[in-house]
Structure formats: structure tokens, C-alpha cells
Amino acid sequence: MKTNGLTNFLFSHASAKPASFHTPGHKGAKFYKRNGFGKFIKNAADYDIAEIPGADTLFMAEGVIEETQEKYSDLYEAERSYLLINGTGSGLIAAVLATVPEGGKLIMARNCHKAVFDALDMGAIKPIYVYPDMIDQYGIPGAISPEEIEQILEANPDASAVILSSPNESGICSDIKAISCIVHNYGKVLIVDQSYGAHLKFFSSFGLRRPIISRPGGGKVASVDVRKGAEAQAEYYKNHGTGQSLGEKGWKWNMPLPAEECGADIVVNGTYATLGSLKQSGVMNVMAEAFSEAGGHIAEVDSGYLVEDPTSEFAKDHTKYRVDISLLEDRLRAVQSSDPSYLLMGSLDVNAEILDRHGRKLFAEWRRNIIWFYRKAATIPELRVVMIEAEEKSIIAEAADKSIKKLKKMPWIRDTKFGETEEPRRQSGSLDATKIIIELSAYNIDGEQLEKMLNDKGIYPEYSFGKYVVCVTGIGNRRKDYKRLYKALGEIAYANRGSLIKLAHDERIEHDETPELPERIEGNGANGNGAEERF
């Protein structure tokens, strides 16, 4: 029998100094060392303790753990924040079970995290599905339409809550502000799974959302260094043109707003995914909206909650807000470990400290690096980069602010599912630009092959599907990581130049049919690698 197989693999992988474009967001020990917490990683095993005196208790926090929760309440401007140590899935389950009564109805996006489906089983809850728009240009699931949410709420007035992922795993964010207004108009609760979007709040609070036009080829760096040299490469491509999806006008940086600023009641954040806490940790934020619209008083009985005389002793301490906080805390206790990891909770505290001390600098650097990469990626012929402009007026990417009437006159619009007479539906979503979605199908390379080629060069994306590879950047990525990714893509393109097919800009991606969502999503959830549940 082999021994230490897993640890040997971990040692070997780390010693190879890979470039990580997968979760978690810290990208390794150097992140903590650079930001003044090298001691935390060096002595991690010493922090793996039990609930000893002075260490506080997660489920009755009134000491050091409460202080950490308050740090997150301040950072996210939430009314209350709760630490999650069983992954974001535990927060999603608790949120659903606390807002939907047993046997009740939940309006949910069909591409929700697997944990939401587990909550359905646990609470005998009936799902009412809302399907994301498909972005036919790329063949990926897009935003949840506010109009469809309203239609389903109108048809299901007995539903208790609405839940969706924003951003989804392709980085597409829904219009949470519009959706929250609709949900609250119907008196329901809005839960947002922000497992892959814990960083959005800080791009906003640090003032780094404003639009920037990124021109192809910007930045002072050497050309792609391939075996035959950059001059030979340039000579080969001189008559091909670039044809990259970034186009002559460049790419626009314009980050989506966080759910915390858009009216959501409960937001579940995977701080491990893009920020600096360890894997399996996260934060649940309960926003001020959850405490509004008091609807009377309640009394606890075996079958649930009933309206009670508001003068009773019980009612004095149990005012019915939109979200019952006592019930939410009870459900969190039920789905999280009774012996929580202090190492994970410690990493959450470290993450909060780093955000408070160095957040503005780290996020400004993060933005610069991503813009740098997009500029350089535009110099690689026929490298395609997914772009979704905020407030698109059709599912076809169209940066210019053209009217629906003008769009319908374009020949390629009539080839979409809208036909010649039907109005193109407004796509309300936008792309979280920290998710880099790329493809080299013009070189006859599909997503799985491209992921393998990158792995062979020591670069590890989050996952691949169809023609695409998804690279999840994080707060811990440095410029050298982006340079490695750019260099590797250039080398792969040059090595496969014999297979290059010149594509017209608007014909670059065609899909014979729209992918269908499975009847039941199985796999590892948003915290795993199950490709079958990406849609």
C-alpha cells in the first residue's frame, strides 16, 4: 500500500510553482507573507484548537468570533454577518430553510448551487424554476431576467423566497437591483448566492468600478517569446490580421455592483473563492432589507409560526421581520459543524484584516493586471475572449448603443432565436471581468484540450467546457501569473498555426442548438469541479 499519496502530490504540486487560475483566491502562502500574515501560515497547525476558554463559540459568539463577524458587517455594510466553515453551501441551505416553511415554495434559478437542491429535500420544498437567458453568441448561461422573475411571482403568490447565483460560474451577473425591487414588491425574500463574487463589494467601495476602455496591445512588455522568435511569428501572421474578439475599439472595464448594494436580503459570499480566506470558509451577510416590513408578531408552535397577541411576553421579543433572524441562526447551527475549525475562522479574520489594511492597493493592482492581460491577449491572433457588456440590448454582444429597431435590421440578428418579428429581449446581465473566459477554437482546439495544454505549462484554470477555458483570478494573483498565461496562450497559438482558420468577427462562434439544462443538477456544486453542473 502506498503511503502519503495525497501529501506527496500536494508537496510536488506546490514545489512546481504553478500559476493558479482556480479557487481559492489567495493563490498560496506568499499572499499571506506579502501582507504581513506569514506567521499565520507558518504556524497554522498550532491554531487548530477547540473551543477553549477565551476562544469564543461560533454559535453563541460574544467575544473574539463576534469581533470578526463585526469586521465583516463593517466591510460589507451589512446588519449582521455570520462566519461559514462548511462552505457556502451551508449558508445557502440555512438561508432557504429559514425563509421557506416546510412544504412551501421556492423560486430558484435552474442553475443554482447543488446545496439549494439539498435544501429542497431537507425541507420538502417545491421548486419553481426560473431559467437563465442563454447568451447564444457564446453558448453559455447568462443572467436571470427580472421580467421572468416577475411573471413567476405573479403566477406563484404563495412562494416564500427567490434565490439565484450572481455571478454564475461563467461570471455573468444578473440585475439584482431590478430583481430585488420586484421581489420586495411581492413581499418575498431575495437570497443571492455570491459564492464567486465576494470581491464585488470592494471594487465598488474602493471606487474601482468606473468604465475604462482597454486598447489592444497596451502595456510595456516584450512580445510573446516563442521558439522561432516574435519576428517570425509576426511575419507569419502579417496577412491574417488579428481578428480577436476585443476588436479595434478595445474592451471596457465596468464591474457589476455587489448584491449587498442592490437590495438583496441575504447574501452568501465565498470569501475563499476570490479573496484571502482558506477553502471551505465564507461569510453570510444579512442586509438591512431583511429587517424591514415588520408583519406583526409570531408565536412558536410545533407546526411553525402563527400570529399571536402582540401584548404577550413571547411577542415582545419576536417581531416578525422579512427574515426571522432567530430561525436563521438556528438553521446555521443545524448545518454547520458542532466543532468548528478555528483555522478556517482564523483565516476569515486574517482576510478581513488584509482587506481593511491593504484592500485598496490590492484591488487597484488586481484591476491593472486584468486590464493588462486583456490588452495583451488582443495581440494573439484569433484568441477569443468572452465579453458581456452591461445593459446589452440583445443577446448578441453589441457595444454600440443602438436601438432595437436598428438591431433588428442587422442580418445576423435575424439568425438568432428571436426571428424577424419578435423583439429581441433585453439582456440585463453583465460580466464580472475577474473571470477570464478564453478559447482557441480557430486553431481546432477545444476547451478540454486547451486546459490540458495549459496544465502542461504549469497553469491551472478553474475548469473547461465546450470551446472555453475559465480562469478565475483572485486577490492573490500577481502580474507574473498573467504574463505566464499570456505567454502560454501565445506559444500554443503559434505551435498550432497550421490549423488556423480565419474567422469573421461576427461569425466566430456558432451553435447549432442551445444547451439544455438537466432535469436535476448533480455533481460537486459550486465548490467542486463537476463540469456536468456548470449549466
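Per chain, residues are indexed from 1 in the order of the written sequence. Residue-level local features of this predicted model are given only where pLDDT is at least 70; pairs of side-chain atoms are given and counted only at 80 or more, and the full residue set underlies all totals for whole chains, interfaces and linings. Excluded from the side-chain calculation are hydrogens and water; included are all heavy atoms of the structure.

Asks: Is there a simple way to explain the sheet that holds strand β21 (residues 468–472) in this structure?
Replies: Strands qualify as paired when DSSP identifies two bridges or more between them. Comment: elements are numbered from the N terminus, with helices defined as DSSP H or I runs of at least four residues and strands as E runs of at least two. In space, the four strands of this open sheet follow the order β16-β18-β21-β20, with antiparallel pairing throughout. Two strands lie at the open edges of the sheet, namely β16 (384–385) and β20 (463–465), each paired on one side alone. Sheet topology note: the β20/β21 ladder contains three bridges and is antiparallel. Counterpart to S464 in the pairing with β21 is V469. Strand contacts of helix α16 (residues 447–456): β18 (435–439), β20 and β21, with the helix running at about 50° to β21, the strand carrying the most contacts. Contacts are residue-level and defined by heavy atoms, with any inter-residue pair within 4.5 Å sufficient. Whenever a helix is involved, its axis is fitted only over the stretch in contact; in every case the axis is a line through C-alpha atoms, and angles between N-to-C directions fall within 0 to 180 degrees.

Asks: Sorry if this is basic, but what is going on with a negative patch on the surface here?
Replies: Only residues whose relative accessible area exceeds 30% and that form no salt bridge are eligible for patches; like-charged ones are grouped when within 9 Å, while nonpolar side chains (Val, Leu, Ile, Met, Phe, Trp, Tyr) are grouped when within 5 Å. All accessibility values rest on the Shrake-Rupley procedure with a 1.4 Å probe; residue burial counts only the protein chains present in the view. We define a salt bridge as a contact between a side-chain nitrogen of Lys or Arg and a carboxyl oxygen of Asp or Glu at a distance within 4 Å. Charge convention: Lys and Arg are scored as positive, Asp and Glu as negative, and His as well as the terminal groups of each chain are ignored. Where a charge lies is defined by one atom per residue type: Lys uses NZ, Arg uses CZ, Asp uses CG and Glu uses CD. Taken together, the side chains of E67, E70, D74 and D356 define an acidic patch exposed on the protein surface. The greatest single-element share of the negative patch, amounting to three residues, is contributed by helix α4 (residues 64–76). Summarising the element assignment, E67 is placed in helix α4. For every residue, the accessible area obtained with a 1.4 Å probe (protein chains only) is divided by the maximum for its type, and the residue is called buried under 20%, exposed over 50%, and partly exposed between those limits. Classification of E67 as partly exposed rests on a relative accessible area of 47%.

Asks: So what exactly am I meant to see when it comes to helix α14 (residues 342–377) here?
Replies: If you check α14, its first and last C-alpha atoms are just 42 Å apart, much less than what 36 residues at 1.5 Å a residue would give, namely 52 Å. Helix geometry: α14 is bent most strongly at H358, by close to 85°. Counted residue by residue, α14 has 27 buried out of 36 residues, so it is predominantly covered. Each polar contact in these results corresponds to two N or O atoms within 3.5 Å; when the atoms are within protein, one needs to be able to donate a hydrogen and the other to accept it, and residues that are neighboring in sequence are counted only if both atoms are side-chain atoms. Residue S341 occupies the N-cap position of α14, its side-chain oxygen lying 3.3 Å from the main-chain nitrogen of L343. Residue count minus one, scaled by 1.5 Å, sets the expected span of a helix. The angle between axes fitted to the seven residues ending at a residue and the seven residues starting there is what we call the bend at that residue.

Asks: I tried to follow the pattern of salt bridges on my own but got confused; where do I start?
Replies: On inspection of all chains with the given rule, the structure shows 17 salt bridges. Across the pair R80 and E329 runs a salt bridge, and its minimum N-O distance is 3.7 Å. Of this pair, R80 sits in strand β2 (residues 80–84) while E329 sits in helix α13 (residues 325–335), and the two are 249 residues apart along the sequence. According to the relative accessible area criterion, E329 is partly exposed, its value standing at 26%. Ionic pairing is found between E365 and R478, a salt bridge with its closest N-O pair at 3.3 Å. Of this pair, E365 sits in helix α14 while R478 sits in the loop between β21 and α17 (479–495), placing them 113 residues apart in sequence. A relative accessible area of 19% means that E365 is categorised as buried. Taking the relative accessible area as the measure of exposure, R478 reaches 30% and is therefore partly exposed.

All we've got here are geometric facts, nothing functional implied.
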